[in-house]
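Breakdown of the fold
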Amino acid sequence: MHDPSAQRKPRIAISACLIGQNVRYNGGHKASELCRAKLEAHFDWLPVCPEMAIGLGTPRDPIRLVGDPGHPRVVGTRHPDTDFTTPLRAYGEHMAAELDDICGYIFMQKSPSCGLERVKVYQDNGHPATQGGTGAYADAFCSQRPDLPVEEEGRLHDPVLRENFISRVYAYADWQQVLAGGLSRGALVRFHSRYKYLLMANNPQAYRELGRLLGTLRREDDPNEVGPRYFSLLMQALRRCASRGTHCNVLQHLSGYFKDALSQQDKDELQQLISQYQQGVVPLVVPLTLLKHYLRKHPDPYLQQQAYLQPHPDDLGLRNAV
């Protein structure tokens, strides 16, 4: 069976304050219990603090976003004539090019350098605009690396968003391994085959579109041209979170593989668990565990390779809460 824990630990960049480094303006940190207690065992952290990197010491005067929420500037709160926009954006572009071995990035929310969304952008009247902005470093970094899975630490406390982000990190790591082995037409088709049901759960429309893209792949087409386009579309598609309805659709597809192998009683039990999941009575892990049990008893090579059945290590427990 597809086993992401067999891969080496994916490397994830993370705002340094989140792993307890004393890099904040007040000399403190914002250590994340979630990252340190639940995720740290599975990932290789790469801590980054752009404010320290551009030469701001600690403790230091705080900074904030001002002006147009779409294109805010970063200035000192006590010395608004001091503009840090250019160095923070330049460092974001530099790190986007430098960090070529990461598979994801966890940013500190609400930060004028690292926040991904809804960061306060102050106006001339001293009040923040209704519309929030994006931290200068994060904006520059993400614009250079649109395929990379990124998330704010605060949003990772939502079980659905957390499961979605970690699934994308492991998919990204899997793709890096494919590239390292040399991208051939066969490798591209095998990769897509592995992710078909995960894609169906997250984004049924993209599932059909990407199937058509590879279905029209001709023998003379260069996989090194098609591959990056395919992967970019895949990563954008996987950003959409699966719903109970789309998960149930996939569970029904998977159960169809056992229609000749199971007794009527077993089929009824499986259908009952899928129905209970759809109603919110049990989490996703319950019908999936039974499906994996049947798969061990009645092996199917196509199903055994599916990333959907295990998109991340089981001991992360991510599907116990979705």
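Scope of this entry: the structure provided in the associated data block. All of these numbers come straight from a predicted model, not from anything done at the bench.

The strand order across the open sheet formed by three strands is S4-S3-S6, and the pairing between neighbours is mixed. Two strands lie at the open edges of the sheet, namely strand S4 (73-76) and strand S6 (121-122), each paired on one side alone. Sheet topology places strand S3 (residues 63-66) next to S6; two bridges connect them, and they run parallel. What sits directly across from leucine 65, in S6, is valine 121.

Considering all chains together, one arrives at 19 aromatic pairs under this definition. Three or more aromatic residues link up through ring pairs in this structure, and these residues are Tyr172, Trp175, Phe191, Tyr195, Tyr230 and Phe231. Lying across the ring of tyrosine 122, arginine 64 places its NZ or CZ 4.3 Å from the centre. Lying across the ring of tyrosine 308, arginine 319 places its NZ or CZ 4.7 Å from the centre.

Mapped onto the elements of the fold, alanine 13 is located in strand S1 (residues 11-15). Overall, the relative accessible area of 0% leaves alanine 13 in the buried class. Distance from alanine 13 to leucine 46, taken between C-alpha atoms, is 4.4 Å for residues 33 residues apart in sequence. Those residues within four positions of alanine 13 in sequence are excluded, and the remaining contacts are Leu46, Leu99, Ile102, Gly104, Tyr105 and Ile106.

Before going further, it helps to examine the sheet that holds strand S5 (residues 104-107). Taken together, the four strands give an open sheet; going across it, the order is S2-S1-S5-S7, and neighbouring strands pair in parallel fashion. The sheet is open, and its two edges are formed by strand S2 (44-48) and strand S7 (150-152), each paired on a single side. Averaged over all adjacent pairs, the angle separating strand axes in this sheet is 25°, with direction ignored. Examined bridge by bridge, S5 and S7 share three bridges and lie parallel to one another.

Moving on to unusual backbone geometry. Going from threonine 58 to proline 59, the amide bond is cis rather than trans, its omega being -5°. Along the polypeptide, proline 59 turns up in the loop between helix H2 (50-53) and S3. Unlike most non-glycine residues, lysine 110 shows phi in positive territory, near 65°. Looking at where lysine 110 falls in the secondary structure, it is placed in the loop between S5 and S6. Phi at arginine 118 is positive, roughly 55°, even though this residue is not glycine. With respect to the secondary-structure elements, arginine 118 resides in the loop between S5 and S6.

Before going further, it helps to spend a moment on helix H5 (residues 159-180). With 22 residues, H5 should reach 32 Å at 1.5 Å per residue; the first-to-last C-alpha distance of 32 Å fits that figure. With respect to burial, H5 is a largely interior element, 16 of its 22 residues being buried. The N-cap residue of H5 is aspartate 158: its side-chain oxygen and the backbone nitrogen of valine 160 are 2.8 Å apart. Glycine 182 sits one or two residues past H5 and shows a positive phi near 95°.

The next subject is the packing of helix H7 (residues 204-215) against helix H8 (residues 223-238). At a minimum axis separation of 10 Å, H7 and H8 run at an interaxial angle of 175°. Between H7 and H8, the interaxial angle falls into the category roughly antiparallel. When H7 is examined against H8, the residues Ala206, Leu210, Leu213 and Leu214 are found in contact with a partner set consisting of Val226, Arg229, Tyr230, Leu233, Leu234 and Ala237. By residue class, the composition of the contact of H7 with H8 is nine nonpolar, no polar and one charged.

Criteria and thresholds
- Residues numbered from 1 in each chain as written.
- Predicted model: local features only at pLDDT ≥ 70, side-chain atom pairs only at ≥ 80, totals over all residues.
- Heavy atoms only, no water.
- Pairing = 2+ DSSP bridges.
- Helix = DSSP H or I, 4+ residues; strand = E, 2+ residues; numbered from the N terminus.
- Phe/Tyr/Trp six-rings, centres within 6.5 Å; stacked < 30°, edge-to-face > 60°.
- Lys NZ or Arg CZ within 6 Å of the ring centre and 35° of its normal.
- Buried < 20%, exposed > 50% of the residue type's maximum accessible area, 1.4 Å probe, protein only.
- Contact = heavy atoms within 4.5 Å.
- Axes fitted to C-alpha atoms, helices over the stretch in contact; angles between N-to-C directions.
- Expected span 1.5 Å × (residues − 1).
- Polar contact = N/O pair within 3.5 Å; in protein donor to acceptor, adjacent residues only side chain to side chain.
- Parallel < 35°, antiparallel > 145°, perpendicular 65-115°, else oblique.
- Nonpolar A, V, L, I, M, F, W, Y, C, P; charged D, E, K, R; others polar.

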